[in-house]
Structures are given as structure tokens and as C-alpha cells.
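Next come the chains, spelled out residue by residue.
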Amino acid sequence: MAANVFALIAHAAGKADDSALELLSAAKSLFPEAAPTALVLGSGPGLKAVAQEVAASFPEVWSFDQETLAYPNAELIRPLLVKVLPAGSIVILPHSTLGIDLGPGLSVKLGAAYLPDVVGFDGVEGTQLKVVRQEFAGQVSAHVQGDVSKGAVVTVRSGAFAPASPSAVGTVIDKSPEAAGLSARRRFVEVVQAEAGDVDITREEVLVAVGRGIGEQDNLSLVDDLAEAMGATVCCSRPIVDAKWLEKGRQVGTSGQTVKPKIYLALGISGAFQHLGGLKGSPFIVAVNKNPKAPIFQAAQVGVVADLVELLPELTEQIQKAR
Ligand SMILES: Cc1cc2nc3c(=O)[nH]c(=O)nc-3n(C[C@H](O)[C@H](O)[C@H](O)COP(=O)(O)OP(=O)(O)OC[C@H]3O[C@@H](n4cnc5c(N)ncnc54)[C@H](O)[C@@H]3O)c2cc1C
């Protein structure tokens, strides 16, 4: 099935989001023969920089530069895409706040299938697109299919596809006039940055991440000891912040920090997509969890099935001896 494939590029401060290359990889795995087009929307010189950056990966980039698009507002983007996309297009969005906001209404307006939160593709058979989704917090992989004869809107989960390598010399096509005169009732007010803490976990190369599996606040000293022995920095999942055991600046995830370590040791973390969504740059993940079916093991290179409280003192001692 030949298809027009489009990927919506998220960006900030003149730089494309890491999801751009993940969407390219998803598009290529879905339709290897297609030449996916990147959609870059925004305003000003930062947008030009993003369009050029993305053109190093996508064969074609459609750039929409309008002041109204300075903040990504689904209410504006939806009618614009309905206007400019050819009938039957496959639109790939990141499964982010914007993608979740934009996708359902866009599919309705395009008369296209909606396949959200996809983590893999099983291929295309006739007009049926077969995708993999995760249910029950990642414990079950669901294989679902949709009729894409009239197109599809697909949102792709962060981290599910390895980023594609930049390999194209793409053309940037200025489509800004198409975006003139857009208006919305929803209004952008301000961006509130996640609180900066006493450490900047976004710059650390070795992170020890602790989750609810640590059980009690007193057990955090076991994690601190291990991190110190490793020369690593401690970060955490959201329940640890909610319990006020660690500060918000140490939370990794979609509502916390995005980190790009080389090594990520996940202790007692189940592997919810909101947590893994904050993990970028393909780190080497070592997971410790007492549940052998914990979803984190699907993302980890090394998995250890063990009780943290028993394992951590021994592990710390062994690392101290080895250093
Ligand atoms: C809008 C929204 C935004 C969110 N944003 C974030 C975010 O930014 N970051 C984030 O982390 N979460 C976020 N969440 C929450 C997310 O959905 C999960 O609830 C959270 O990540 C779970 O944290 P956890 O893995 O520490 O806890 P759990 O899911 O409770 O997992 C604990 C794990 O520890 C294991 N365990 C228990 N005891 C032991 C033991 N003794 N030894 C070893 N293993 C043990 C268990 O088997 C389990 O796998 C968000 C949720 C929503 C709805």
C-alpha cells in the first residue's frame, strides 16, 4: 500500500525534540518504501533552525511559520492539517500531551482511523494496519488493527522506536501562507518549567533511579550508599516525589525531567510509560525488580529479579571492593 506519510515534529528553543528521529524510524518501519514528510510548525528564526535540522533526516519538510503557531495549540493545528494534508494520509504524532490532544479530533475530521499509543508495528495487510499497544501498565501486549484505506492518525509512544540516523538531504518547503488567518478560543498563557533542584539530573551520565519498590523512606539510605559507591546521582519516579521523600527536580518522566544518561540503574520501578518517557538517548538500562513480569524489563538491557532491601547492601559492598 503506497501512502503519504507525515510526521509532526515537536520542538522547543530552536531545536527538534528527540521524538523527531523516533517518528522517522516509526514511519520507515511502517512503510519502508515511503518518503515521510516532516511537518514543522511555529514562529520566527527558531523555526527555521528546526526545519534545517529536520531536513538532515527527512527527505521533505513542510514549514508553517505564523505567529499564532508560536505555541503548539491543537485547536489551530487540527484545521490546518485538515486543510493541507492529501486525502488518505498517514499522520504520525508523538504520544505527548500535544499528540493526545490533537490526534482524536484530527482523525475524526480526516475521516481516518485513529491508532493511539503505538509501541510497534506488525505490518500492513491490504488496507489493515496492524499495530502493537501495551495494556495493563505494560503487562500485556495487544495486537490491534485498523482500516487505513481513508488514512490514519497514529500516536507513537516515546522511546518505543530507536531513533533513526540522520541520512537525508531534505528540501524545506515554506507553507506559511496556508496557515494564515487561523484562530482559536484556547489561548497560550505561559510555559512553567519544572522546578530546578539541588542537582541537575539532566546533565548526569550515571543515574541511580529509585521507585516505589524501595518501600520505606528509611531505605533511601541504601540507594544513597549505592549511588555514592558508583559515583552516580540519585533520581526517582513520581511516587517518591509525591511522598515528599525526594524533591521534584529529581523526578524522571513526562511530568518531570528528561534525562540522557549513559547508564540508568532502575531500582523498584515498574516502567510506566510516563516514567520511561523521560529517558532519552538510548542509555544502558539495568533494572532491579522483584516482579519478573515488570514492564521495565522490556526496556532494560540487564534485568535482575531480586528484593532491593536484600540486594542493595551486598551490591554496594561489592562495588566498594572493586573500586
Ligand atoms: C499525567 C501523569 C503524569 C505522570 N508523570 C510521571 C513522571 O513524570 N514520572 C513517573 O515516574 N511517573 C509519572 N506518572 C506516574 C506513572 O504512571 C506511574 O504511576 C509511576 O511511574 C510508577 O512509579 P513506580 O514505578 O515507582 O511505582 P510502581 O508502579 O508502584 O512500581 C513499583 C515497582 O517496584 C517493584 N517492587 C516492589 N517491592 C520491591 C522490592 N522489595 N524489591 C524490588 N522491587 C520491588 C514492584 O514489582 C513494581 O514493579 C504520571 C502519571 C500520570 C497520570
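Positions within a chain are numbered from 1, following the residues in the order the chain's sequence is written. Local features in this predicted model are restricted to residues of pLDDT 70 or higher, and side-chain atom pairs are both shown and tallied only at a pLDDT of 80 or more, whereas totals for entire chains, interfaces and linings draw on every residue.

1. Quick look at the overall build of the protein chain
What counts is decided by this rule: Comment: elements are numbered from the N terminus, with helices defined as DSSP H or I runs of at least four residues and strands as E runs of at least two. Within these notes, the globule rule equals 2.2 Å times the number of residues to the 0.38 power, and the radius of gyration is based on C-alpha atoms. Neighbour counting defines burial: a residue surrounded by 20 or more other C-beta atoms within 10 Å of its own C-beta is buried, one with 12 or fewer is exposed, and intermediate counts give partly exposed, using backbone-placed C-beta atoms. A residue pair is marked as a contact if its C-beta atoms, positioned from the backbone, fall within 7 Å.
Looking only at helices and strands, the protein chain has nine helices and 16 strands in total. Against the globule reference of 20 Å for 323 residues, the protein chain gives a C-alpha radius of gyration of 21 Å, in line with a compact fold. A total of 323 residues make up the protein chain; the buried ones form 41% of that total. Pairs at least 24 residues apart make up 65% of the contacts formed inside the protein chain by residues separated by at least 6 positions.

2. Examining the UniProt feature "domain: Electron transfer flavoprotein alpha/beta-subunit N-terminal" (unreviewed entry) in the protein chain
Note the threshold: UniProt positions are given in the numbering used here, feature names are shortened, and annotations may be inferred rather than shown by experiment.
Under the present numbering, the feature "domain: Electron transfer flavoprotein alpha/beta-subunit N-terminal" (unreviewed entry) in UniProt falls on residues 5-191. Spanning residues 5-191, this segment combines 25% helix with 34% strand, and its end C-alpha atoms are found 31 Å apart.

3. A look at helix α3 (residues 74-84)
When we look at burial in α3, the residues that qualify are Leu76, Ile77, Arg78, Leu80 and Leu81. Buried residues along α3 sit in contact with β4 (37-42), β5 (60-65), β6 (90-94) and α4 (97-110).

4. Topic: the site of the ligand
Put simply, the rule is: Should the C-beta atom of a residue, placed from the backbone, lie within 6 Å of a molecule or strand, that residue is near it. Any residue that is not Ala, Val, Leu, Ile, Met, Phe, Trp, Tyr, Cys, Pro, Asp, Glu, Lys or Arg is counted as polar, Gly included; the first ten are nonpolar and the last four charged.
Around the ligand, the structure places 28 residues, and the nearest of them are Gly211, Gly213, Ser237, Gly253 and Ser270. Looking at the shell around the ligand, the elements with two or more residues in it are α6 (238-242), α7 (273-276), β15 (284-289) and α9 (308-322). Residues of the shell around the ligand, tallied by class, amount to eight nonpolar, 16 polar and four charged.

5. A word on the nonpolar core
Note the threshold: What makes a nonpolar core is a set of buried Ala, Val, Leu, Ile, Met, Phe, Trp, Tyr and Cys residues, with links drawn between C-beta atoms within 7 Å.
Of all hydrophobic cores here, the largest spans 58 residues; its most connected members are Ala7, Ile9, Val40, Val54, Val91 and Ile92. Among the elements that make up this core, the one with the highest residue count is helix α1 (residues 19-30) (seven residues). In this view, Val91 contacts Phe6, Leu8, Leu81, Leu85, Leu106 and Val153; residues no more than four positions away in its chain are not counted.

6. Looking at the sheet that holds strand β9 (residues 140-147)
How we decide: Paired strands, in this sense, are two strands between which DSSP finds at least two bridges. Note on definitions: angles span 0 to 180 degrees between N-to-C directions of axes, and those axes are lines fitted to C-alpha atoms, for helices only across the stretch in contact.
The strand order β9-β8-β7-β10-β6-β1-β4-β5-β11 describes an open sheet built from nine strands, whose pairing is mixed. Pairing within the sheet leaves two strands with one partner each, and these edge strands are β9 and β11 (171-174). On average, each strand axis in the sheet is tilted by 35° relative to the strand beside it, whichever way the strands run. Summarising the sheet, β6 and strand β10 (residues 152-156) pair through five bridges and their orientation is parallel. When the sheet's bridge partners are listed, Ile90 is paired in β10 with Ala152.

7. Describing unusual backbone geometry
Phi at Ala13 takes a positive value of approximately 50°, unusual for a residue other than glycine. In this structure, Ala13 sits in the loop between β2 (11-12) and β3 (15-16). Look at Ala13 and you get exposed, because 7 C-beta atoms sit within 10 Å. With phi around 65°, Lys244 is a residue other than glycine that occupies positive phi space. Of note, Lys244 is situated in the loop between α6 and β14 (263-267). Accessibility expressed as a C-beta count within 10 Å gives 9 for Lys244, which makes it exposed.

8. Details of the environment of Ala294
Counting through the fold element by element, Ala294 comes out in the loop between β15 and α8 (296-299). Spatially, the C-alpha atom of Ala294 lies 16 Å from that of Arg133, the residues being 161 residues apart in sequence. With sequence-adjacent residues up to four places away left out, Ala294 is seen in contact with Ser270, Gly271 and Asn289.

9. Comments concerning the pairing of β14
With four of its five residues buried, β14 lies for the most part within the structure. Across five bridges, strand β12 (residues 206-210) lies against β14 in parallel orientation. Bridge pairing in β14 links Val208 to Leu265. Both β14 and β15 contribute to a ladder of five bridges, which runs parallel.

10. Considerations on the environment of Ile319
Take Ile319: it is sitting in helix α9. If we skip the residues at most four places from it in the chain, Ile319 touches Ala229 and Met230.

11. Focus: the domain arrangement of the protein chain
Cut-off, in case you're wondering: Domain borders in the structure are assigned automatically or taken from a domain database.
Once the domains are mapped, the protein chain shows domain 1 (5-179) and domain 2 (201-322). Here domain 1 and domain 2 have C-alpha centroids that lie 31 Å from each other. Of the residues lining the interface, eight residues belong to domain 1; the matching set on domain 2 comes to 12 residues. Taken together, the residues of the side of domain 1 that touches domain 2 break down into two nonpolar, four polar and two charged.

12. Re the sheet that holds β14
One open sheet holds the five strands; their spatial order is β13-β12-β14-β15-β16, and the pairing between them is parallel. The sheet is open, and its two borders are formed by β13 (233-236) and β16 (302-305), each paired with just one other strand. Neighbour-to-neighbour, the strand axes of this sheet turn through a mean angle of 20°, independent of strand direction. As judged from the four bridges shared by β12 and β13, these two strands associate in the parallel manner. Bridge pairing links Val208 to Val234 in β13.

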